[in-house]
Amino acid sequence: TILKIGEVAKVDLSTFSLEEPALRSLRRADHRAERDGLTFEVIPKAAVSHKISELRAVSDTWLQTKNAREKGFSLGRFDADYISAFDCAAMLKDGDIVAFANIWRGADRNEISPDLMRYRPGVSNAVMEALFARLMGETADDMMKLSSSTITSVAVGVLGISFIQATLAGIG
(Lines give C-alpha, C1' and ligand atoms only; values in the text may rest on other atoms or scores of the structure.)
Protein backbone atom coordinates (compact mmCIF):
# COMPACT_ATOMS: atom_id res chain seq x y z
CA THR A 1 0.00 0.00 0.00
CA ILE A 2 1.02 3.59 -0.51
CA LEU A 3 0.55 6.29 2.08
CA LYS A 4 0.75 9.83 0.69
CA ILE A 5 2.40 12.22 3.13
CA GLY A 6 2.84 15.59 1.47
CA GLU A 7 5.27 14.98 -1.37
CA VAL A 8 6.57 11.67 -0.04
CA ALA A 9 5.33 8.19 -0.86
CA LYS A 10 6.09 5.01 1.05
CA VAL A 11 6.10 1.58 -0.54
CA ASP A 12 6.06 -1.46 1.72
CA LEU A 13 8.63 -3.77 0.16
CA SER A 14 7.47 -6.74 2.19
CA THR A 15 4.53 -6.94 -0.23
CA PHE A 16 6.15 -5.35 -3.30
CA SER A 17 6.02 -7.30 -6.54
CA LEU A 18 6.16 -6.07 -10.12
CA GLU A 19 3.66 -8.83 -10.90
CA GLU A 20 0.85 -6.90 -9.20
CA PRO A 21 -1.77 -5.82 -11.78
CA ALA A 22 -1.65 -2.21 -10.55
CA LEU A 23 2.07 -2.08 -11.42
CA ARG A 24 1.63 -2.93 -15.09
CA SER A 25 3.07 0.39 -16.34
CA LEU A 26 6.10 0.05 -14.06
CA ARG A 27 6.58 -3.53 -15.29
CA ARG A 28 6.38 -2.27 -18.89
CA ALA A 29 9.02 0.36 -18.17
CA ASP A 30 11.28 -2.32 -16.73
CA HIS A 31 10.83 -4.51 -19.81
CA ARG A 32 11.33 -1.50 -22.11
CA ALA A 33 14.61 -0.65 -20.40
CA GLU A 34 15.73 -4.25 -20.85
CA ARG A 35 14.86 -4.12 -24.57
CA ASP A 36 16.76 -0.83 -24.81
CA GLY A 37 19.87 -2.61 -23.47
CA LEU A 38 19.89 -1.01 -20.02
CA THR A 39 21.22 -2.80 -16.98
CA PHE A 40 20.92 -1.95 -13.29
CA GLU A 41 23.65 -1.77 -10.69
CA VAL A 42 23.97 -0.55 -7.13
CA ILE A 43 27.39 1.05 -6.79
CA PRO A 44 28.57 0.63 -3.18
CA LYS A 45 29.59 3.91 -1.53
CA ALA A 46 33.20 2.68 -1.36
CA ALA A 47 33.26 2.62 -5.19
CA VAL A 48 31.22 5.77 -5.91
CA SER A 49 34.27 8.04 -5.76
CA HIS A 50 35.80 6.02 -8.62
CA LYS A 51 32.70 6.75 -10.73
CA ILE A 52 32.25 10.40 -9.73
CA SER A 53 33.39 11.88 -13.06
CA GLU A 54 30.92 9.67 -14.93
CA LEU A 55 28.13 10.60 -12.49
CA ARG A 56 29.02 14.29 -12.83
CA ALA A 57 28.85 14.05 -16.64
CA VAL A 58 25.32 12.61 -16.39
CA SER A 59 24.34 15.33 -13.93
CA ASP A 60 25.83 18.14 -16.04
CA THR A 61 24.06 16.84 -19.16
CA TRP A 62 20.76 16.65 -17.27
CA LEU A 63 21.16 20.23 -15.98
CA GLN A 64 22.06 21.49 -19.45
CA THR A 65 19.03 19.89 -21.12
CA LYS A 66 16.77 21.29 -18.37
CA ASN A 67 18.41 24.70 -18.84
CA ALA A 68 18.95 24.70 -15.09
CA ARG A 69 21.68 25.05 -12.52
CA GLU A 70 22.18 23.37 -9.17
CA LYS A 71 19.72 24.55 -6.53
CA GLY A 72 21.00 23.16 -3.25
CA PHE A 73 18.34 24.80 -1.08
CA SER A 74 15.48 22.33 -0.73
CA LEU A 75 16.53 19.83 -3.38
CA GLY A 76 19.65 17.72 -3.63
CA ARG A 77 22.55 19.03 -5.64
CA PHE A 78 25.55 17.33 -7.15
CA ASP A 79 28.46 17.54 -4.74
CA ALA A 80 31.19 14.91 -5.15
CA ASP A 81 31.82 14.49 -1.41
CA TYR A 82 28.11 14.22 -0.67
CA ILE A 83 27.37 11.76 -3.51
CA SER A 84 30.37 9.63 -2.47
CA ALA A 85 28.93 9.21 1.03
CA PHE A 86 26.10 6.95 -0.22
CA ASP A 87 25.46 3.89 -2.33
CA CYS A 88 24.24 4.86 -5.77
CA ALA A 89 21.64 3.11 -7.92
CA ALA A 90 22.56 3.34 -11.60
CA MET A 91 21.24 2.35 -14.99
CA LEU A 92 23.93 1.54 -17.54
CA LYS A 93 23.98 1.25 -21.30
CA ASP A 94 26.96 -0.50 -22.86
CA GLY A 95 28.74 -0.20 -19.50
CA ASP A 96 28.26 3.57 -19.22
CA ILE A 97 26.13 5.19 -16.51
CA VAL A 98 23.10 6.85 -18.08
CA ALA A 99 20.99 7.46 -14.95
CA PHE A 100 21.54 7.43 -11.21
CA ALA A 101 20.07 8.17 -7.81
CA ASN A 102 22.05 8.23 -4.60
CA ILE A 103 20.45 6.16 -1.85
CA TRP A 104 19.83 7.27 1.71
CA ARG A 105 19.46 4.37 4.13
CA GLY A 106 17.70 4.56 7.47
CA ALA A 107 19.67 3.88 10.65
CA ASP A 108 18.17 0.40 10.90
CA ARG A 109 18.81 -0.15 7.16
CA ASN A 110 15.14 -1.11 6.72
CA GLU A 111 14.22 2.06 4.88
CA ILE A 112 15.79 3.67 1.83
CA SER A 113 15.15 6.88 -0.02
CA PRO A 114 16.52 7.90 -3.41
CA ASP A 115 17.81 11.46 -3.20
CA LEU A 116 19.47 13.18 -6.14
CA MET A 117 18.17 11.70 -9.39
CA ARG A 118 19.67 12.47 -12.79
CA TYR A 119 19.61 10.87 -16.25
CA ARG A 120 20.88 11.38 -19.79
CA PRO A 121 17.96 12.39 -22.00
CA GLY A 122 17.36 10.38 -25.14
CA VAL A 123 18.67 7.06 -23.81
CA SER A 124 15.29 5.47 -23.03
CA ASN A 125 11.87 6.79 -22.13
CA ALA A 126 11.81 4.23 -19.35
CA VAL A 127 15.18 4.86 -17.72
CA MET A 128 14.08 6.40 -14.39
CA GLU A 129 10.99 4.24 -13.97
CA ALA A 130 13.15 1.16 -14.59
CA LEU A 131 15.73 2.40 -12.10
CA PHE A 132 12.99 2.62 -9.45
CA ALA A 133 11.53 -0.77 -10.38
CA ARG A 134 14.91 -2.45 -10.13
CA LEU A 135 15.88 -0.61 -6.96
CA MET A 136 12.65 -1.64 -5.25
CA GLY A 137 12.90 -5.22 -6.51
CA GLU A 138 16.51 -5.71 -5.49
CA THR A 139 16.04 -3.86 -2.22
CA ALA A 140 13.05 -6.05 -1.41
CA ASP A 141 15.11 -9.18 -2.16
CA ASP A 142 18.10 -8.02 -0.10
CA MET A 143 16.28 -6.44 2.80
CA MET A 144 13.60 -9.05 3.38
CA LYS A 145 16.24 -10.95 5.29
CA LEU A 146 16.26 -8.13 7.86
CA SER A 147 12.58 -7.32 8.37
CA SER A 148 9.67 -5.52 6.76
CA SER A 149 11.12 -2.80 4.54
CA THR A 150 9.96 0.40 2.94
CA ILE A 151 11.25 2.65 0.24
CA THR A 152 10.57 6.34 0.64
CA SER A 153 10.82 8.44 -2.45
CA VAL A 154 10.92 12.20 -2.21
CA ALA A 155 9.13 13.55 -5.28
CA VAL A 156 11.94 15.52 -6.91
CA GLY A 157 13.66 15.47 -10.27
CA VAL A 158 11.89 13.69 -13.09
CA LEU A 159 9.45 11.68 -10.96
CA GLY A 160 6.55 13.43 -9.29
CA ILE A 161 4.15 12.16 -6.71
CA SER A 162 1.59 11.56 -9.47
CA PHE A 163 3.97 9.03 -11.07
CA ILE A 164 4.43 7.27 -7.79
CA GLN A 165 0.70 7.24 -7.08
CA ALA A 166 -0.40 6.20 -10.52
CA THR A 167 2.35 3.74 -11.30
CA LEU A 168 3.01 2.09 -7.98
CA ALA A 169 -0.46 2.07 -6.53
CA GLY A 170 -2.77 2.53 -9.45
CA ILE A 171 -4.26 5.55 -7.69
CA GLY A 172 -4.32 9.18 -8.58
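A closer look at the pattern of salt bridges
Okay, so step 1: Taken as a whole and judged by the stated rule, the model has five salt bridges.
Okay, so step 2: Note that Asp30 is salt-bridged to Arg134, the shortest N-O span being 2.4 Å. Taken as a pair, Asp30 in helix 1 (residues 24-35) and Arg134 in helix 5 (residues 127-143) lie far apart in primary sequence, 104 residues in all. Per residue, the accessibility class of Asp30 equals that of Arg134, and both read buried.
Okay, so step 3: In this structure, Arg105 and Asp87 form a salt bridge, with 3.1 Å as the shortest nitrogen-oxygen distance. Of this pair, Arg105 sits in strand 5 (residues 96-105) while Asp87 sits in strand 4 (residues 87-93), and the two are 18 residues apart along the sequence.
Okay, so step 4: We classify Arg105 as partly exposed; its relative accessible area is 31%.

Observations concerning the pairing of strand 4
Okay, so step 1: In terms of burial, strand 4 is a largely internal element, six of the seven residues being buried.
Okay, so step 2: As judged from the six bridges shared by strand 3 (residues 38-43) and strand 4, these two strands associate in the antiparallel manner. Following the sheet pairing, Leu38 is matched in strand 4 by Lys93.

Regarding unusual backbone geometry
Okay, so step 1: Despite not being glycine, Asn67 has its phi angle at roughly 50°, a positive value.
Okay, so step 2: In this fold, Asn67 is placed in the loop between helix 3 (52-65) and helix 4 (80-83).
Okay, so step 3: Overall, Asn67 belongs to the exposed group, its relative accessible area being 75%.
Okay, so step 4: The phi torsion at Asp94 lies on the positive side, around 55°, for a residue other than glycine.

Quick look at the packing of aromatic side chains
Okay, so step 1: This structure, assessed with the given rule, holds two aromatic pairs.
Okay, so step 2: Relative to Phe100, the ring of Phe78 has its centre 6.2 Å away and its plane inclined at 80°; by these criteria the two rings are edge-to-face. Separated by 22 residues along the polypeptide, Phe78 in the loop between helix 3 and helix 4 and Phe100 in strand 5 bring together distant segments of the chain.
Okay, so step 3: When its relative accessible area of 4% is taken as the criterion, Phe78 is described as buried.
Okay, so step 4: Look at Phe100 and you get buried, because its relative accessible area is 0%.
Okay, so step 5: Summarising the aromatic geometry, the rings of Tyr82 and Phe86 are spaced 5.0 Å apart at their centres and angled 65° between planes, so their arrangement reads as edge-to-face.

Here's the deal with the pairing of strand 5
Okay, so step 1: Burial of strand 5 is extensive: seven of the 10 residues sit out of reach of the surface.
Okay, so step 2: As judged from the seven bridges shared by strand 4 and strand 5, these two strands associate in the antiparallel manner. For Ala90, the partnering residue across the bridge sits in strand 5 and is Phe100.
Okay, so step 3: Looking at chain direction, strand 5 and strand 6 (residues 111-119) are connected through six bridges and run antiparallel. Following the sheet pairing, Arg105 is matched in strand 6 by Ile112.

About the thresholds
Along every chain, residues carry numbers that run from 1 in the direction the sequence is written. Local features in a predicted model are, by the rule used here, given only for residues with pLDDT of at least 70; side-chain atom pairs are given and counted only at 80 or more, and totals for whole chains, interfaces and linings are based on all residues. Excluding hydrogens and water, the side-chain figures rest on all heavy atoms present in the structure. Every case where a carboxyl oxygen of Asp or Glu lies within 4 Å of a side-chain nitrogen of Lys or Arg is listed as a salt bridge. Note on conventions: DSSP H or I runs of at least 4 residues are helices, E runs of at least 2 residues are strands, and numbering of each starts at the N terminus. Only protein chains enter the area calculation, which uses a 1.4 Å probe; residues under 20% of their type maximum are buried, those over 50% are exposed, and those in between are partly exposed. At least two bridges found by DSSP between two strands are what make those strands a pair. Think of it this way: a Phe, Tyr or Trp ring, Trp meaning its six-membered ring, pairs with another when their centres are within 6.5 Å, and the plane angle makes it stacked under 30 degrees, edge-to-face over 60, tilted otherwise.

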